[in-house]
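Examining the three-dimensional arrangement
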Amino acid sequence: MTRSWPTWTQSVLRQGKAQTRVFWRTPVAAFFTLFLPLIMLVLFNALFDGDVETDAGSFKISQFYTAGLAAFAAVSATYTNLVNMVPIRRDEGILKRVRSTPLQPSAYVGGLVLSAVGIAIVGTLIMLFLGVVFYDLQINMAKVPAATVTFVVALTSFSLLGLAVASLVPNASSAPAVANATILPLAFISNVFIPLEDPPRWLEVVGDIFPLKPFAEAFQVAFNPLEGAPAFRWGNLAVVAAWGVVGGVIALKKFNWEPSVGGATGRRSR
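Broken down by element type, the chain carries 11 helices and two strands. The N-to-C order of helical and strand elements in the chain reads α-α-β-β-α-α-α-α-α-α-α-α-α. Taken against the 2.2 N^0.38 rule, which gives 18 Å for 270 residues, the C-alpha radius of gyration of the chain at 20 Å falls within 12% of a compact globule. Considering the chain as a whole, with its 270 residues, one finds that 48% of them fall into the buried category. Here the contacts in the chain between residues at least 6 apart in sequence split such that 81% fall between residues at least 24 apart. Surface summary for the chain: the accessible area is close to 13600 Å², and the carbon and sulfur share equals 66%.

Okay, here's the thing in structure tokens:
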């Protein structure tokens, strides 16, 4: 009887399921990826009250925080998660061993990305559910397509950026510092942690250049009661997509399967 090997898609699905199990068995990763944004949502809404002023009027700050932190949770599950996990798998020698098995290497990486995307979807849905139940978040069905397209573009781009940065990180030890240094400062100037009202011009320009602010603002617009349908922000989406293309090119050219010098594998062998 001839044994048939799983297709590439089946392999990606299996690897995604396996990587998701590993994620949930790692309490630190689960806390910082999913539970920390939830804690921030509760704390920010408890500490700050009032309205966010815009050119079109004002709306509750709780609605601002729910959509913004939902976007941040998605970025944490994709970008931050991949920047941390890929170097660990590389330094442990797992990526190198995968290349000597019948499993297609791209299927293994695809499983990592699939797991990250699945976690991002779960985290974002939880945030939006809490927003609707506790913080008066309004969901206009006419704007759901805009929110969905924005979300899909962002997940794709930030996953590719995560792989790109993971390819450039020298070892697993430096990965958390790189991940946090490249995303947390941006969150403060990207209308995620703080609603920026009349910030310095240079701060606006920096936020507009990088992809977090365009994603957060495009996603928030889809849940802003003052914005009419369909609420697409095509300019924002173009910026996010462009960063995804850059990330994909870097990941294709720089992705490394070999453990870094002085990584986990090297230390164990010594």
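Should the charged atoms of two oppositely charged side chains come close, the side chains can pair. Enumeration according to the criterion identifies four salt bridges in this entry. The shortest N-O distance in the salt bridge between lysine 60 and aspartate 136 comes to 2.9 Å. Of the two residues, lysine 60 sits in strand 2 (residues 57-60) while aspartate 136 sits in the loop between helix 5 (105-134) and helix 6 (144-168), which places them 76 residues apart along the sequence. A salt bridge links lysine 213 to aspartate 208, with the nearest nitrogen and oxygen atoms 3.2 Å apart.

With that settled, the discussion passes to the environment of proline 211. Structurally, proline 211 can be placed in the loop between helix 8 (201-209) and helix 9 (212-221). With sequence-adjacent residues up to four places away left out, proline 211 is seen in contact with Phe158, Leu161, Val240 and Trp243.

Before going further, it helps to examine the nonpolar core. Counting residues in each nonpolar core, the largest one holds 53 residues, and the members touching the most others are Leu69, Tyr79, Val192, Phe193, Phe215, Phe219 and Phe223. The dominant element in this core, judged by the number of residues it contributes, is helix 3 (residues 61-91), at 13 residues. Counting 15 residues, the second largest nonpolar core, distinct from the first, contains Val109, Leu112, Ala164 and Trp257.

Under the 1.5 Å per step criterion, the end-to-end length of helix 10 (residues 234-254) is 30 Å for 21 residues, consistent within 8% with the ideal 30 Å. Taken residue by residue, helix 10 has Asn236, Leu237, Val240, Gly244, Gly247, Gly248 and Ala251 as its buried positions. Relative to the axis of helix 10, the buried residues are bounded by an arc of 110° and lie together on one face. Exposed and facing more than 90 degrees away from the buried side of helix 10 are Trp234, Gly235, Val245 and Lys253. Against the buried residues of helix 10 lie helix 6 and helix 9.

The next thing to look at is the packing of helix 6 against helix 10. A packed helix pair is summarised by two numbers, namely the angle formed by the two axes and the spacing between the axes. Direction vectors running N to C along helix 6 and helix 10 enclose 30°, while the axes themselves pass 7 Å from each other. Along this stretch, helix 6 crosses helix 10, giving a crossing that reads as left-handed. Residue-level contacts link Val149, Thr150, Val153, Ala154, Ser157, Leu160, Leu161, Leu163, Ala164, Ser167 and Leu168 of helix 6 to Leu237, Val240, Ala241, Trp243, Gly244, Gly247, Gly248, Ile250, Ala251 and Lys254 of helix 10. Of the residues in the contact of helix 6 with helix 10, the class split is 14 nonpolar, six polar and one charged.

Mapped onto the elements, glutamine 19 comes out in helix 1 (residues 8-24). Glutamine 19 sits in the buried class, given a relative accessible area of 10%. The spacing of glutamine 19 and leucine 112 is 93 residues in sequence and 6.2 Å in space, taken between C-alpha atoms. Each residue touching glutamine 19, except ones within four places of it in the same chain, is listed here: Arg89, Tyr108, Gly111, Leu112 and Ser115.

What follows concerns the side chain of asparagine 191. Mapping asparagine 191 onto the fold places it in the loop between helix 7 (175-188) and helix 8. Accessibility expressed as a relative area gives 11% for asparagine 191, which makes it buried. Within polar-contact distance, the side chain of asparagine 191 engages the backbone nitrogen of leucine 196 at 2.8 Å. Within the local environment of asparagine 191, its side chain forms a polar contact with the side chain of glutamate 217, the two groups lying 2.9 Å apart.

Moving on to a nonpolar patch on the surface. On the surface, Trp24, Val28, Phe31, Phe32, Phe35, Ile39, Leu43, Leu47 and Phe48 cluster together into a nonpolar patch covering about 890 Å² of accessible area. Summarising the element assignment, valine 28 is placed in helix 2 (residues 27-47).

On to helix 7. With 14 residues, helix 7 extends 21 Å between its outermost C-alpha atoms, agreeing within 8% with the 20 Å of an ideal straight helix rising 1.5 Å per residue. Within helix 7, burial applies to Ala175, Ala179, Ile183, Leu186 and Ala187. In the core, the buried residues of helix 7 are packed alongside helix 3 and helix 9.

Okay, the packing of helix 3 against helix 6 next. It is the contact of helix 3 with helix 6, at a shortest axis distance of 8 Å, that shows an interaxial angle of 25°. Here helix 3 is positioned roughly parallel relative to helix 6, judged by the angle of their axes. When you trace helix 3 past helix 6, the crossing you get is right-handed. Contacts from Ala74, Val75, Thr78, Tyr79, Leu82, Val83, Val86, Pro87 and Arg90 of helix 3 reach helix 6 at Phe151, Leu155, Phe158, Ser159, Leu161, Gly162, Leu163, Val165, Ala166 and Ser167. Its residues assigned to classes, the contact of helix 3 with helix 6 shows 14 nonpolar, four polar and one charged.

So, how was this worked out
- Residues numbered from 1 in each chain as written.
- Predicted model: local features only at pLDDT ≥ 70, side-chain atom pairs only at ≥ 80, totals over all residues.
- Heavy atoms only, no water.
- Helix = DSSP H or I, 4+ residues; strand = E, 2+ residues; numbered from the N terminus.
- Rg over C-alpha atoms; globule rule 2.2 N^0.38 Å.
- Buried < 20%, exposed > 50% of the residue type's maximum accessible area, 1.4 Å probe, protein only.
- Contact = heavy atoms within 4.5 Å.
- Areas by Shrake-Rupley, 256 points an atom, 1.4 Å probe, with all protein chains shown as cover.
- Salt bridge = Lys/Arg side-chain N within 4 Å of Asp/Glu carboxyl O.
- Core = buried A, V, L, I, M, F, W, Y, C linked by side-chain atoms within 4.5 Å.
- Expected span 1.5 Å × (residues − 1).
- Arc of directions from axis to C-beta.
- Axes fitted to C-alpha atoms, helices over the stretch in contact; angles between N-to-C directions.
- Left-handed = near helix turned anticlockwise from the far one by under 90°.
- Nonpolar A, V, L, I, M, F, W, Y, C, P; charged D, E, K, R; others polar.
- Polar contact = N/O pair within 3.5 Å; in protein donor to acceptor, adjacent residues only side chain to side chain.
- Patch = residues over 30% accessible without salt bridge, like charges linked within 9 Å, V, L, I, M, F, W, Y side chains within 5 Å.
- Parallel < 35°, antiparallel > 145°, perpendicular 65-115°, else oblique.

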